[in-house]
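Architecture at a glance
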Amino acid sequence: MNTSVRRLFITVLGAPALALAVWALAVPLAGTTLTVRSGGGEQTVGPVAVAVASLLAGLAGWALLAVLERSAARPGRTWTIIALAVLALSLTGPLGGATGAAAALVLVLLHLAVAAVLVTGLVRR
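Residues numbered from 1 in each chain as written. Predicted model: local features only at pLDDT ≥ 70, side-chain atom pairs only at ≥ 80, totals over all residues. Heavy atoms only, no water.

Another aspect to go through is a nonpolar patch on the surface. Judged by side-chain polarity, M1, V5, F9, L13, V48, V52, L55, L56 and L59 come together as a nonpolar surface patch covering roughly 810 Å² of accessible area. Within the residue set of the nonpolar patch, elements represented by two or more residues are α1 (3–29) and α2 (47–71). Looking at the nonpolar patch element by element, the count peaks at five residues for α2. With relative accessibility at 52%, the residue L56 sits in the exposed group. (Patch = residues over 30% accessible without salt bridge, like charges linked within 9 Å, V, L, I, M, F, W, Y side chains within 5 Å. Areas by Shrake-Rupley, 256 points an atom, 1.4 Å probe, with all protein chains shown as cover. Salt bridge = Lys/Arg side-chain N within 4 Å of Asp/Glu carboxyl O. Helix = DSSP H or I, 4+ residues; strand = E, 2+ residues; numbered from the N terminus. Buried < 20%, exposed > 50% of the residue type's maximum accessible area, 1.4 Å probe, protein only.)

Here it is as structure tokens:
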């Protein structure tokens, strides 16, 4: 595995690792109840959901970057703009679906943590 692919792989795995660290600080340690409105009821956001969602986001970002590197004139810039737009859209979920202010804050922090790792780590220099 070459250095570039290794770095991207570590970045994709780093996003769920950081998200799980934020979740662990907020939920078991600080005692925040992390629930969201889903359909007609409420759903608790657990560590599996956090890990899977952030891993899927990382893999999707990596795939998009790979496509852009083959088709766009400035793939890094294009990817960063798309990633930040997706982040902005993703923040509507926690802001509109969280069951309280603490849950909304933690969910926003989770989104920002994953985005920070992926936006800075996936763009190839």
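Relative orientation of the contacting elements α2 and helix α3 (residues 75–90) amounts to 145°, with a least axis distance of 9 Å. Considering how the two elements wind past one another, α2 and α3 form a crossing that is right-handed. Every residue of α3 that contacts α2 at G61, L64, L65, L68 and E69 is listed here: P75, T78, W79 and I82. Here the residues of the contact of α2 with α3 sort into six nonpolar, two polar and one charged. (Axes fitted to C-alpha atoms, helices over the stretch in contact; angles between N-to-C directions. Left-handed = near helix turned anticlockwise from the far one by under 90°. Contact = heavy atoms within 4.5 Å. Nonpolar A, V, L, I, M, F, W, Y, C, P; charged D, E, K, R; others polar.)

For any two helices packed against each other, the geometry is given by the interaxial angle and the distance between the axes. In the contact formed by α1 and α2, the axes pass within 9 Å of each other and the chain directions differ by 150°. Viewed along their axes, α1 and α2 adopt a mutual orientation that is roughly antiparallel. Note that α1 runs across α2; the crossing there is right-handed. Along its contact with α1, which presents V5, L8, F9, V12, L13, A15, P16, A19, L20 and W23, the element α2 presents P47, V50, A51, S54, L55, G58, L59 and W62. In terms of residue class, the contact of α1 with α2 is built from 16 nonpolar, two polar and no charged. (Parallel < 35°, antiparallel > 145°, perpendicular 65-115°, else oblique.)

Turning to the side chain of T32, a few remarks are in order. Following the sequence through the fold, T32 ends up in the loop between α1 and β1 (35–38). With relative accessibility at 15%, the residue T32 sits in the buried group. A polar contact of 2.9 Å, which involves the side chain of T32, links it to the backbone oxygen of A26. Beyond its immediate stretch of four places on either side in the chain, T32 contacts A26, V27, A102, A103 and V106. (Polar contact = N/O pair within 3.5 Å; in protein donor to acceptor, adjacent residues only side chain to side chain.)

Its 16 residues place the ends of α3 22 Å apart at the C-alpha level, agreeing with the 22 Å of an ideal helix rising 1.5 Å per residue. For α3, the set of buried residues is P75, G76, W79, A83 and L87. Mapping the buried residues of α3 onto a view down its axis gives an arc of 100°, with all of them on the same face. Facing away from the buried surface of α3 by more than 90 degrees, the exposed residues are I81 and L89. In this structure, the buried side of α3 is in contact with α2 and α5 (101–122). (Expected span 1.5 Å × (residues − 1). Arc of directions from axis to C-beta.)

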